[in-house]
Amino acid sequence: MAKLFRAVILGPPGSGKGTISERVASSFGLQHLSSGDFLRENIAAKTEAGVLAKTYIEKGALVPDHVMTRLMLPRLVEMTRHSWLLDGFPRTLAQAEALNSACELDVVISLNIPLETLKDRLRHRWIHPASGRVYNMRFNPPRVQGVDDISGEPLIQHEDDKPEALVARLRHYKDVAKPVIDLYRAKGILHMFSDTETDRIWPYVSSLLSAKIPTDLADAQRATTH
Ligand SMILES: Nc1nc2c(ncn2[C@@H]2O[C@H](COP(=O)(O)OP(=O)(O)OP(=O)(O)O)[C@@H](O)[C@H]2O)c(=O)[nH]1
Ligand SMILES: Nc1ccn([C@H]2C[C@H](O)[C@@H](COP(=O)(O)OP(=O)(O)O)O2)c(=O)n1
């Protein structure tokens, strides 16, 4: 069986991790695990981790490392037979070290997007909570404003996307992300991308993964996910 491929995408809120992850999943057949979506599923399901995480997210704070690690690592064990792309985890050095003890990563993609671009994007982000589908009134608007294209259900904006919560998240992101980025740079697996447009970053991400993911593995995974 071809060696499985493990990747992480890092970036501040609104940097396009989810947007690029969806393109990676459909182009290369990797399973996309968004820590934010997984947290929101747990919050909606009122699991023990979800109830605890909610108290932090509502304040625009990060969920404690032990809660995130205890939530994410078992989920990765369930995905052990798949190649995957992890989005939004690890977020801190402690989470990165816990992940590194559980598995070896092949590539870490880090998105470096200007602050004003992030604020503008999240101001216009609308989400369909049940599916996690993401829209943007400027970048990829729904056919009908405020309505999910597929289900017809209402779109919402995340509380923590609101400017007052966002500033706290962006400031905090910078503090905690640096040691994680330094760790993966030291491991020689970090690939940094800077731009204000996802459509300009995507071709570089795509060619990086085309070079890194063995063709037979990508073909096999595309076959299983389509
Ligand atoms: N204008 C514009 N909007 C974009 C671009 N790329 C993504 N977006 C939108 O910006 C918002 C943030 O993109 P996401 O992919 O959700 O970013 P993220 O890094 O996953 O965000 P978090 O889940 O908050 O960490 C969404 O509404 C996207 O549709 C872009 O190149 N230009
Ligand atoms: N490793 C993680 C991932 C998400 N969180 C919390 C904090 C985030 O604002 C919310 C939502 O995650 P999501 O990835 O959707 O949000 P941002 O990347 O921060 O924009 O979950 C966390 O505390 N630790």
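Predicted, not measured: the structure shown is a model, and the values here were computed from it.

Each value, and the rule that gives it
- Residues numbered from 1 in each chain as written.
- Chains lettered and ligands numbered in written order.
- Predicted model: local features only at pLDDT ≥ 70, side-chain atom pairs only at ≥ 80, totals over all residues.
- Heavy atoms only, no water.
- Near = heavy atom within 4 Å.
- Polar contact = N/O pair within 3.5 Å; in protein donor to acceptor, adjacent residues only side chain to side chain.
- Areas by Shrake-Rupley, 256 points an atom, 1.4 Å probe, with all protein chains shown as cover.
- Nonpolar A, V, L, I, M, F, W, Y, C, P; charged D, E, K, R; others polar.
- Core = buried A, V, L, I, M, F, W, Y, C linked by side-chain atoms within 4.5 Å.
- Buried < 20%, exposed > 50% of the residue type's maximum accessible area, 1.4 Å probe, protein only.
- Helix = DSSP H or I, 4+ residues; strand = E, 2+ residues; numbered from the N terminus.
- Contact = heavy atoms within 4.5 Å.

(A) Region of interest: the site of ligand 1. Taken together, 18 residues sit near ligand 1, with Lys17, Gly18, Thr19, Arg125 and Thr198 positioned nearest. In this structure, an oxygen atom belonging to ligand 1 sits 3.0 Å away from a main-chain N or O atom of Gly16. In the model, an oxygen atom of ligand 1 is placed 2.6 Å from a nitrogen or oxygen of the Thr19 side chain. Relative to its free-state accessible area of 640 Å², ligand 1 is covered by the protein chains to the extent of 91%. Broken down by class, the residue content of the shell around ligand 1 amounts to five nonpolar, eight polar and five charged.

(B) Main features of the nonpolar core. Counting 30 residues, the largest nonpolar core has Leu86, Leu99 and Tyr184 as its most contacted members. For this core, the secondary-structure elements that each account for two or more residues are strand E1 (6-10), helix H2 (35-44), helix H4 (65-78), strand E3 (84-87), helix H5 (93-102) and helix H7 (163-186). In terms of residue count, H4 provides more of this core than any other element does, six residues in total. The contact partners of Leu99, leaving out residues within four places of it in the chain, are Val8, Leu73, Leu76, Trp84, Leu86, Phe89, Pro90, Leu105 and Tyr184. Ranked by size, the runner-up nonpolar core spans 23 residues in total, among them Phe5, Ala7, Leu30 and Phe193.

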